[in-house]
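# A look at the structure
What follows is the residue order along each chain.
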Amino acid sequence: MTAQVPQNAVHLMFRVYKEVFPEVHKELNYWMDRAKKIPNKELRTQAIASIEDKTFHCEGGSIYSMLAGPQWKESIRFIVAYQTISDYLDNLCDRSTSMDPIDFRMLHQSMADALTPENEVKDYYHYRDDKNDGNYLRDLVHTCQNVLKASSDYPLVQKHTLKLGSLYTDLQVHKHVIEEERIPRLKSWFKDHQSEWPHLEWYEFSACTGSTLGIFCLVSYMLNGRMDESLAAQVERSYFPFMQGLHILLDYYIDQREDEEEGDLNFCAYYAHEEQMKHRFEYFVRQTHQEVQELPDTAFHQMIHEGLVGMYLADRKVGKIDNAKSFVKDLLKVSGRKAKFFYYNTKMYHKLKPGRPL
């Protein structure tokens, strides 16, 4: 891959399909092979499902490898491993019989350790009966640590990755407890942050904490040797809350039907009506556009922003949502021409893709 960061959508998509996605699938194939060898049946089932059902998360996140220059493969190695931890733990918390917040926090300690190269791995399954994963989670953590410890610049970004990672963990703990405790816990948590983000609702703040994009951006810039304290702080500001919030709200939007069937929490359900939801999505789009102007490689981050809108709205699941045509049309309109480019490009990719890539 060339070191130059793409400045236009055609160049971006060419490299995504020719270089990034094949490398992502190579990494995912490795972890899928590992998942299939997990001795414990429940852990094996959830590990396999998390890769099969959420390949899209690793594909999307790995676009940030284009910021890593010659280290782009190391960036993908980190992003795939970290996102795979995230998706695996989400499945364990969503689909398991445990509703214990102590268990959830211990599981997610693996994500903090993945961002802290000096940490020893721990018994992340300490509070649950299903334990023997054949070192699957431990090796995912070690993979992340090894990428980070190889860079002398990681201390420049570590406080920012840990802050974003800690917020992510808090969300996962609060939203997976027994149903009657979820909303009170999330609202109480938001009160601790509301003074900083008074323009957000509790469910919007929760969505903003649920994205890994800021971490991937920080790590990729760091691997390219372009990081300093000023850029690290700017990446955090530009990605949290609005870019990350837009990312997760779109994710929840396309999962509305699925989450309703599974009884899972979906933050889109807390808007008073669809018009309000559309208005707030448009607000997040405009705020994200404003924030990414402060970053280097502005055109790239703007494409990511518009690409999120286009690619999520092109997902097949959108067709099952009531009034989706009008919602998609209006959000694409406010998001800009490139959002439409990514929308139609992704629709074509889904049509041409021969089944699952794994």
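Below, the structure is looked at part by part.

The rules behind these values
- Residues numbered from 1 in each chain as written.
- Predicted model: local features only at pLDDT ≥ 70, side-chain atom pairs only at ≥ 80, totals over all residues.
- Heavy atoms only, no water.
- Salt bridge = Lys/Arg side-chain N within 4 Å of Asp/Glu carboxyl O.
- Helix = DSSP H or I, 4+ residues; strand = E, 2+ residues; numbered from the N terminus.
- Buried < 20%, exposed > 50% of the residue type's maximum accessible area, 1.4 Å probe, protein only.
- Core = buried A, V, L, I, M, F, W, Y, C linked by side-chain atoms within 4.5 Å.
- Contact = heavy atoms within 4.5 Å.
- Lys, Arg positive; Asp, Glu negative; His and termini not counted.

### Here we look at the pattern of salt bridges
In the structure shown here, the tally under the stated rule is 15 salt bridges. Note that Arg 128 and Asp 103 form a salt bridge whose closest N and O atoms lie 2.7 Å from each other. Separated by 25 residues along the polypeptide, Arg 128 in the loop between α4 (101–114) and α5 (136–149) and Asp 103 in helix α4 bring together distant segments of the chain. Residue classification places Arg 128 among the buried residues on the basis of a relative accessible area of 8%. You can call Asp 103 buried: its relative accessible area is 0%. Arg 105 is the salt-bridge partner of Asp 170, the closest N and O atoms lying 3.2 Å from each other.

### Observations regarding the nonpolar core
Tyr 64, Phe 78, Tyr 253 and Phe 281 are the most contacted members of the largest nonpolar core, which has 121 residues in total. Ranked by residues supplied to this core, first place goes to helix α10 (residues 229–254) with 14 residues. Residue contacts for Tyr 64: discarding those within four places in its chain leaves Ser 75, Ile 79, Leu 213, Phe 216, Cys 217, Ser 220, Tyr 239, Met 243, Phe 300 and Ile 304.

### Examining the side chain of Glu 23
Here Glu 23 shows up in helix α1 (residues 9–36). With no salt bridge to any partner, buried Glu 23 finds its closest opposite charge in Lys 26, at an N-O distance of 4.1 Å. Setting aside residues no more than four positions away along its own chain, Glu 23 makes contact with Trp 72, Lys 73 and Ile 76.

Purely spatial values, then, with no claim about function.
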